[in-house]
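Working through the structure, step by step
So the chains spell out like this:
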Amino acid sequence: MVIKMNVIETISKRHSYRGTYKPDKVPREDLKKIMQAGLDAPSGCNKQTTSLICVDDSDTLKEIHAVINPPIAESAPAMICVLTKRINAYRDKCFAIQDYSAAIENMLLAIVELGYQSCWFEGHITDDDRICDKIAKILNVPEEYDLVCVLPVGIAENEPLLPRKKEFSERAWFNSFMSKE
Ligand SMILES: Cc1cc2nc3c(=O)[nH]c(=O)nc-3n(C[C@H](O)[C@H](O)[C@H](O)COP(=O)(O)O)c2cc1C
C-alpha cells in the first residue's frame, strides 16, 4: 500500500514567522505531537542529546519574556525550549549541534503541519548577553544542559514574510560542482 505523505509540501510552506499570535491556547495534545516529532529526529550514534521543555503556563511565559530583550514572539501562547547535552557519540566526536538541529527542523515542520507558526530563535538568545542562560535559570535547567533555542508556537495573526532564497542552480548540482546538467 502506498501512503501519500505531504512532508514535501509542508517543507516548502514553512517559513520563519516573526509576527503576532492569536491568544488561542495550543492544546497539550498538539504540543506533545510537536515535541514527539523533535524527539523522533535522528541523532549521532542514537545518543539522543536533545531534551525539550514546553512552556505554556502564562506566568512562566511572562517571566521568560521579561529576560528577552529586544522582545520576540511575546503573544505566542506556548514556547518550546530546546536543551542540549554535550555527550560524545564516539571518541571525542560530539554531534549535539546536529542532533538538536534535526530535532528543531522536525518540530518546525510539525508546527506548520498542525496549522501553527514559529521561528527558530537561536542567534537572538545565545549572543553575548546570554539570554539563554537566564531562561534556563527560570526553568531550573541543570548545569550540564545548554538551552540553545526557543520555538514559539501559536496561531499566527498574519502570514510569514517570504525571504529571498537563491535559485536551485546556484546551490545544487548533479554529478559535479556547478555543473549545468
Ligand atoms: C541556527 C539558526 C539560528 C537562527 N536564529 C534566529 C534568530 O535568533 N532570530 C530570528 O529572527 N531568526 C533566526 N533564525 C531564522 C533564520 O533567520 C531563517 O531561517 C532564515 O532567514 C530563512 O528564512 P525562512 O526560515 O523563512 O526560510 C535562525 C535560523 C537558524 C537555522
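A brief report on the enclosed structure follows. (Residues numbered from 1 in each chain as written. Predicted model: local features only at pLDDT ≥ 70, side-chain atom pairs only at ≥ 80, totals over all residues. Heavy atoms only, no water.)

**Here we look at empty space enclosed by the protein**
For the structure shown, the criterion picks out 1 cavity of 30 Å³ or more. The computed volume of the largest cavity comes to approximately 40 Å³. Lining the largest cavity are Arg14, His15, Ser16, Leu108, Ile111, Val112, Gln117, Ser118 and Cys119. By residue class, the composition of the lining of the largest cavity is 4 nonpolar, 4 polar and 1 charged. (1 Å grid on protein atoms, 1.4 Å probe; cavity = no way out; pocket = protein on both sides within 12 Å on 5 of 7 lines; lining within 4 Å. Points joined across faces, edges and corners; volume = space filled by probe spheres on them. Nonpolar A, V, L, I, M, F, W, Y, C, P; charged D, E, K, R; others polar.)

**Some thoughts on helix H2 (residues 28–39)**
Since the α-helix turns once every 3.6 residues, residues separated by three or four places project in the same direction. Spanning 12 residues, H2 covers 16 Å between terminal C-alpha atoms, matching the ideal 16 Å at 1.5 Å per step. For H2, the full list of buried residues reads Asp30, Leu31, Ile34, Met35, Ala37 and Gly38. Along the long axis of H2, the arc covered by the buried residues comes to 150°, so they all point the same way. Facing away from the buried side of H2, by more than 90 degrees, are the exposed residues Arg28, Glu29 and Lys32. The secondary structure elements touched by the buried residues of H2 are strand E1 (50–55), strand E2 (78–85), helix H4 (96–113) and strand E3 (145–153). (Helix = DSSP H or I, 4+ residues; strand = E, 2+ residues; numbered from the N terminus. Expected span 1.5 Å × (residues − 1). Buried < 20%, exposed > 50% of the residue type's maximum accessible area, 1.4 Å probe, protein only. Arc of directions from axis to C-beta. Contact = heavy atoms within 4.5 Å.)

**Here we look at the pairing of E2**
Burial of E2 is extensive: 7 of the 8 residues sit out of reach of the surface. Summarising the sheet, E1 and E2 pair through 6 bridges and their orientation is antiparallel. Bridge pairing in E2 places Leu52 opposite Val82. Note that E2 and E3 share 8 bridges and pair antiparallel. Paired with Val82 across the two strands is Cys149, which belongs to E3. (Pairing = 2+ DSSP bridges.)

**Re the layout of surface pockets**
Taking a probe equal in size to a water molecule and rolling it over the atoms shows the remaining empty space. Empty space within the largest pocket amounts to approximately 190 Å³. Class assignment of the residues belonging to the lining of the largest pocket gives a composition of 5 nonpolar, 4 polar and 2 charged. Roughly 160 Å³ of internal volume is contained in the second largest pocket. Lining the second largest pocket, in full, are Pro23, Lys25, Asp56, Ser58, Leu61, Lys62, His65, Glu74, Ser75, Ala76 and Pro77.

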